[in-house]
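Here is what each chain is made of, one letter per residue.
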Amino acid sequence: MADMSELRSRLGFDVSDELLTLAMTHRSYSYENGNIPTNERLEFLGDSVLGIVVTDTLYRLHPNEQEGQLAKLRAAVVNARALAEVAQTVGLGEFLFLGRGEETTDGRSKPSILADTCEAVIGAVYISGGIEWATALVHQWLDPLIEVAATLGAGLDWKTSLQELTSEFELGAPLYVIEETGPDHAKNFTAQVKIGEDFYGNGSGRSKKEAEQHAAATAFHVLSEQHKNA
């Protein structure tokens, strides 16, 4: 049985064992244990709370941006990939209650499950301490992503931003070299970016798109530093 006191310590908010357990209960576990309540209602609540906190933050940080650009900034922060990365950083997967099927297919590392769990935790913190606690948690988790989003290019993703950078410095279009490992039900992808004759960045993920984004992010930072110091 997962130790909710350890999870509570990582979160830094006094959420009850009961609520934390609910936030960690995936529907696959519920189906195998008498259809007990799942984290889906908390996820629904957390999604709304997350949206308003991030929207409010972006509105205040970017007083001169139009609605369309604010929507793009929000999408760069509030998305399944970003939330899954947050969940992995916190280690939420360790505390999940999963059914046998999800356990055998590495459900604790699945981005979709982790992103949903992230929202469920936000919902649980909101129930426990209202918008003040929930806002503090969202800022704790997502402020770095909010800051990064403002530095991305027009497409607000790393691949687009890298392409803009390589175009600016006349380096040629980035090419992505992908390798995949693992069985069909649990594949892992790794990516490198080839720019000219050189390789930059290493990224991995459960999909080609995720691996490419991670590799592009690494390559973007390396090239930015190289040309900044040139």
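Let me begin by describing the structure that accompanies this report.

### With respect to the overall build of the protein
Item 1. Counting its regular elements, the protein contains ten helices and three strands.
Item 2. Its C-alpha atoms give the protein a radius of gyration of 19 Å, near enough to 17 Å, the size a compact globule of 230 residues would have.
Item 3. Principal axes of the C-alpha set define a box for the protein whose edges measure 60 × 50 × 30 Å.
Item 4. Across the 230 residues that make up the protein, the buried fraction comes to 41%.
Item 5. For the protein, the computed accessible surface area is about 12,200 Å², with 50% contributed by carbon and sulfur atoms.
Item 6. Counting 18 positive and 34 negative side-chain charges, the protein places the centres of these two groups 4 Å from one another.

### Quick word on the nonpolar core
Item 1. Counting residues in hydrophobic clusters, the biggest one holds 45 residues, and the most contacted among them are L7, M24, L92, V121, W141 and L142.
Item 2. Looking at this core, the elements that each hand over two or more residues are helix 1 (4-11), helix 2 (17-23), helix 4 (40-61), helix 5 (67-77), helix 6 (80-90) and helix 8 (111-149).
Item 3. Looking at which element gives the most residues to this core, the answer is helix 8, with 16 residues.
Item 4. Among the nonpolar cores identified, the runner-up in size contains 15 residues, and L162, L165, V193 and L223 belong to it.

### Overview of the sheet that holds strand 3 (residues 198-205)
Item 1. Pairing is antiparallel across the open sheet formed by three strands, whose spatial order is 1-2-3. Edge positions in the sheet fall to strand 1 (175-181) and strand 3, since each has one partner strand and no second. On average, each strand axis in the sheet is tilted by 20° relative to the strand beside it, whichever way the strands run.

### Overview of the packing of aromatic side chains
Item 1. Taken as a whole, this structure holds two aromatic pairs when the rule is applied.
Item 2. Between the aromatic rings of F13 and W133, the centroid separation amounts to 5.7 Å while the plane-to-plane angle is 45°, which identifies the pairing as tilted. Pair noted here: F13 is in the loop between helix 1 and helix 2 and W133 is in helix 8, with a separation of 120 residues, a long-range link.
Item 3. When its relative accessible area of 28% is taken as the criterion, W133 is described as partly exposed.
Item 4. For the ring pair Y29 and F97, a centre distance of 5.5 Å and an interplane angle of 55° mean the geometry is tilted. Within this pair, whereas Y29 is found in helix 3 (residues 27-32), its partner F97 is found in the loop between helix 6 and helix 7 (100-104), the two being separated by 68 residues in sequence.
Item 5. Relative accessible area serves as the criterion here: at 8%, F97 is assigned to the buried category.

### Describing a nonpolar patch on the surface
Item 1. Taken together, the side chains of I52, Y126, I127 and I131 present a nonpolar region at the surface, about 370 Å² in accessible area.
Item 2. Among the elements that make up the nonpolar patch, the one with the highest residue count is helix 8 (three residues).
Item 3. By the secondary structure assignment, I52 is in helix 4.
Item 4. The class for I52 is exposed, based on a relative accessible area of 51%.

So, how was this worked out
Residues numbered from 1 in each chain as written. Predicted model: local features only at pLDDT ≥ 70, side-chain atom pairs only at ≥ 80, totals over all residues. Heavy atoms only, no water. Helix = DSSP H or I, 4+ residues; strand = E, 2+ residues; numbered from the N terminus. Rg over C-alpha atoms; globule rule 2.2 N^0.38 Å. Buried < 20%, exposed > 50% of the residue type's maximum accessible area, 1.4 Å probe, protein only. Areas by Shrake-Rupley, 256 points an atom, 1.4 Å probe, with all protein chains shown as cover. Lys, Arg positive; Asp, Glu negative; His and termini not counted. Charge placed at Lys NZ, Arg CZ, Asp CG, Glu CD. Core = buried A, V, L, I, M, F, W, Y, C linked by side-chain atoms within 4.5 Å. Pairing = 2+ DSSP bridges. Axes fitted to C-alpha atoms, helices over the stretch in contact; angles between N-to-C directions. Phe/Tyr/Trp six-rings, centres within 6.5 Å; stacked < 30°, edge-to-face > 60°. Patch = residues over 30% accessible without salt bridge, like charges linked within 9 Å, V, L, I, M, F, W, Y side chains within 5 Å. Salt bridge = Lys/Arg side-chain N within 4 Å of Asp/Glu carboxyl O.

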